[in-house]
Amino acid sequence: MAKCVGETSDISIYEKNKELLYNGLLEMGYKCVEPGGAFYLFPESLEADAKAFCEKAKEYDLLLVPGDDFGCPGHVRISYCVQTEQIINALPIFKKLAEDYKVNEIK
């Protein structure tokens, strides 16, 4: 451990992950404020009840956390401190979820 004192980690991967996830979600119509230093996004839920939205997302194998517990009702928390491949694989699923909400809105 003593050898690591003063060393820093390469956090550029987190910046890359944030850009992929943030820009990808914006392109799909999700609303989100770009974070300035955290490892989480808090996009608006696609329905008023963020807990219900998180339950719906589970049907698509997306695990999201309702923002209510973080003082952000109506939002969900998504971590991007994961492998970049996970974000790349998740983006089409987020798109399908958003498309399904749009279809059901119209009906």
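Read on for an overview of the structure. All of these numbers come straight from a predicted model, not from anything done at the bench.

**Section: the overall build of the chain**
Within the chain one finds three helices and three strands. Overall, the chain shows an N-to-C arrangement of helices and strands of α-β-α-β-β-α. Here the C-alpha coordinates of the chain stretch approximately 60 × 25 × 20 Å along the principal axes. Within the span of the chain, comprising 107 residues, buried residues form 33% of the whole. Expressed as a percentage of contacts within the chain between residues at least 6 apart in sequence, the contacts between residues at least 24 apart total 62%. Per element, the accessible surface of the chain, about 7,100 Å² overall, is 55% carbon and sulfur. For the chain, the separation between the mean place of its 12 positive charges and that of its 18 negative charges on side chains is 2 Å.

**Observations concerning helix α2 (residues 50-58)**
Turning to α2, its buried residues number three or more, namely Ala50, Phe53, Cys54 and Ala57. The arc that holds every buried residue of α2, seen down its axis, measures 100°, which confines them to one face. At the N-terminal boundary of α2, the capping side chain belongs to Asp49, with an oxygen 3.0 Å from the backbone nitrogen of Lys51.

**Description of the sheet that holds strand β3 (residues 76-79)**
Strand order in the open sheet formed by three strands is β1-β3-β2, with antiparallel pairing between adjacent strands. Single-partner strands in this sheet number two, and they are β1 (40-41) and β2 (65-66). Relative to β3, β2 runs antiparallel, the two sharing two bridges. Counterpart to Pro66 in the pairing with β3 is Val76.

**A look at the pairing of β3**
Both β1 and β3 contribute to a ladder of two bridges, which runs antiparallel. If you follow Tyr40 over to β3, its bridge partner there is Ser79.

**Focus on the pattern of salt bridges**
All told, the structure shown has six salt bridges when counted by the stated rule. Glu55 serves as the salt-bridge partner of Lys58, at 3.0 Å between the closest nitrogen and oxygen. Taken together, the residues Lys58 and Glu55, both in helix α2 and three residues apart, mark about one turn of the helix. The class for Lys58 is partly exposed, based on a relative accessible area of 42%.

Calculation rules
- Residues numbered from 1 in each chain as written.
- Predicted model: local features only at pLDDT ≥ 70, side-chain atom pairs only at ≥ 80, totals over all residues.
- Heavy atoms only, no water.
- Helix = DSSP H or I, 4+ residues; strand = E, 2+ residues; numbered from the N terminus.
- Buried < 20%, exposed > 50% of the residue type's maximum accessible area, 1.4 Å probe, protein only.
- Contact = heavy atoms within 4.5 Å.
- Areas by Shrake-Rupley, 256 points an atom, 1.4 Å probe, with all protein chains shown as cover.
- Lys, Arg positive; Asp, Glu negative; His and termini not counted.
- Charge placed at Lys NZ, Arg CZ, Asp CG, Glu CD.
- Arc of directions from axis to C-beta.
- Polar contact = N/O pair within 3.5 Å; in protein donor to acceptor, adjacent residues only side chain to side chain.
- Pairing = 2+ DSSP bridges.
- Salt bridge = Lys/Arg side-chain N within 4 Å of Asp/Glu carboxyl O.

The quantities given are spatial measurements derived from coordinates; they are silent on function.
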